[in-house]
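So the chains spell out like this:
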Amino acid sequence: MLRQRRSMKVYDPNRAVTEEQLAELFELTTLAPSAWNFQHYKFIVVRDPEQKQRLRQAAMGQEKVEQAACTIVVCGDLAAWKRAEDVAREFARKGFYGESTEEKIAKQAEMMRNAYKNNPTKAREEAIRSASLAAMSLMVAAEDMGLATCPMIGFDPNAVAEVTELDDTLFPAMLITLGYAGDFDLPRCDRLPLSEVVNIDRLGVPFGANQT
Ligand SMILES: Cc1cc2nc3c(=O)[nH]c(=O)nc-3n(C[C@H](O)[C@H](O)[C@H](O)COP(=O)(O)O)c2cc1C
């Protein structure tokens, strides 16, 4: 699946993605891991033609935003830590804390809250991490379902927030076009050799360096 996935630049404008396909796609997407299972993300599926037009303007005029069946705004959630109590209770219920007491649950919830509450940088970084892992899961799941995607960072975050009416707790981390592939057959750009991106034990020991 990973070998087939491409960032699809051209879409068939006449093929929609059904509600059932979206349900399947997001069920798979939300299986992505997130720190403490906070799921620091929300998705806005933009598919109304007028909304797509406005989103395209916010996304540097990228044509595929209007051409694809929809564009998903992957939002990071800065307030996910507010679920700490519920999350700690579920962890306890499912046995992750072993023998658990009310005191232990309260302590765990407090630890989770403290990690983010007064640390907006960490809350934002965590939201980007979780949203990005979910975004990749979405793209792989879409590929598996015969759908094409393209991740995009070419957009004005304030304009996207305005178009999709986000509140202060959410920010657009990425856009992903979703639909059926159009006429696009440019080859994939090369990846760096593994010796440049993988090191063993420490930086400066490239993968494969000790092979004879
Ligand atoms: C975070 C991110 C932002 C990207 N932004 C855009 C974008 O705004 N427009 C676009 O056409 N492609 C965008 N891409 C797609 C990349 O150009 C593409 O993934 C890369 O060239 C590798 O091609 P491949 O995914 O087909 O292997 C983005 C990819 C990532 C991961």
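Residues numbered from 1 in each chain as written. Predicted model: local features only at pLDDT ≥ 70, side-chain atom pairs only at ≥ 80, totals over all residues. Heavy atoms only, no water.

- Looking at an unreviewed UniProt entry, the chain carries the name Nitroreductase, with the source organism given as Marininema mesophilum.
- Under the heading Sequence similarities (unreviewed entry), UniProt records this for the chain: "Belongs to the nitroreductase family." (UniProt positions renumbered as here; feature names shortened; annotations may be inferred.)

## A look at the pairing of strand E4 (residues 170-179)
Right, on to step 1. Of all 10 residues that make up E4, 10 are buried, and the element is covered over most of its length.
Right, on to step 2. Bridge analysis of strand E2 (residues 70-77) against E4 gives eight bridges, and the strand direction is antiparallel. Bridging across to E4, Cys75 finds its partner in Pro172.
Right, on to step 3. As paired elements, strand E3 (residues 148-152) and E4 share five bridges and run antiparallel to each other. Paired with Ala148 across the strands is Gly179, a residue of E4. (Buried < 20%, exposed > 50% of the residue type's maximum accessible area, 1.4 Å probe, protein only. Helix = DSSP H or I, 4+ residues; strand = E, 2+ residues; numbered from the N terminus. Pairing = 2+ DSSP bridges.)

## Some thoughts on the sheet that holds E2
Right, on to step 1. Strand order across the open sheet formed by four strands is E1-E2-E4-E3, with antiparallel pairing between neighbours. Every other strand in the sheet has two partners, leaving strand E1 (41-46) and E3 as the edge strands with one partner each. Each strand of the sheet is rotated relative to its neighbour by a mean of 25°, with strand direction disregarded.
Right, on to step 2. Against the sheet, helix H1 (residues 19-29) engages E1, E2 and E4, with an angle of about 160° to E1.
Right, on to step 3. Against the sheet, helix H2 (residues 49-58) engages E1, E2 and E4, with an angle of about 115° to E1. (Axes fitted to C-alpha atoms, helices over the stretch in contact; angles between N-to-C directions. Contact = heavy atoms within 4.5 Å.)

## Digging into the site of the ligand
Right, on to step 1. Around the ligand there are 13 residues in total, and Arg6, Ser7, Lys64, Arg188 and Arg191 lie nearest to it.
Right, on to step 2. In the complex, the protein chains occlude 66% of the 620 Å² of accessible area that the ligand would expose alone.
Right, on to step 3. The dominant element in the shell around the ligand, judged by the number of residues it contributes, is E3, at three residues.
Right, on to step 4. Class assignment for the residues of the shell around the ligand results in four nonpolar, three polar and six charged. (Near = heavy atom within 4 Å. Areas by Shrake-Rupley, 256 points an atom, 1.4 Å probe, with all protein chains shown as cover. Nonpolar A, V, L, I, M, F, W, Y, C, P; charged D, E, K, R; others polar.)

## Topic: the pattern of salt bridges
Right, on to step 1. Taken as a whole, this structure holds seven salt bridges when the rule is applied.
Right, on to step 2. Taking the shortest distance from any N to any O, the salt bridge between Glu90 and Lys94 comes out at 2.5 Å.
Right, on to step 3. What emerges from the salt-bridge pattern is a single network uniting Glu85, Arg89 and Glu102. (Salt bridge = Lys/Arg side-chain N within 4 Å of Asp/Glu carboxyl O.)

## Examining the packing of aromatic side chains
Right, on to step 1. Counting across every chain of the model gives seven aromatic pairs.
Right, on to step 2. With a centroid separation of 5.2 Å and an interplanar angle of 40°, the aromatic rings of Tyr41 and Phe43 are classed as tilted.
Right, on to step 3. On the basis of relative accessibility, which here comes to 7%, the residue Tyr41 falls in the buried class.
Right, on to step 4. Among the aromatic residues, those joined into a cluster by ring pairs are Phe26, Tyr41 and Phe43. (Phe/Tyr/Trp six-rings, centres within 6.5 Å; stacked < 30°, edge-to-face > 60°.)

## What about the UniProt feature "domain: Nitroreductase" (unreviewed entry) in the chain?
Right, on to step 1. UniProt records the feature "domain: Nitroreductase" (unreviewed entry) for residues 2-180 in the present numbering.
Right, on to step 2. Secondary structure across residues 2-180 divides into 46% helix and 16% strand, with the first and last C-alpha atoms of the span separated by 17 Å.

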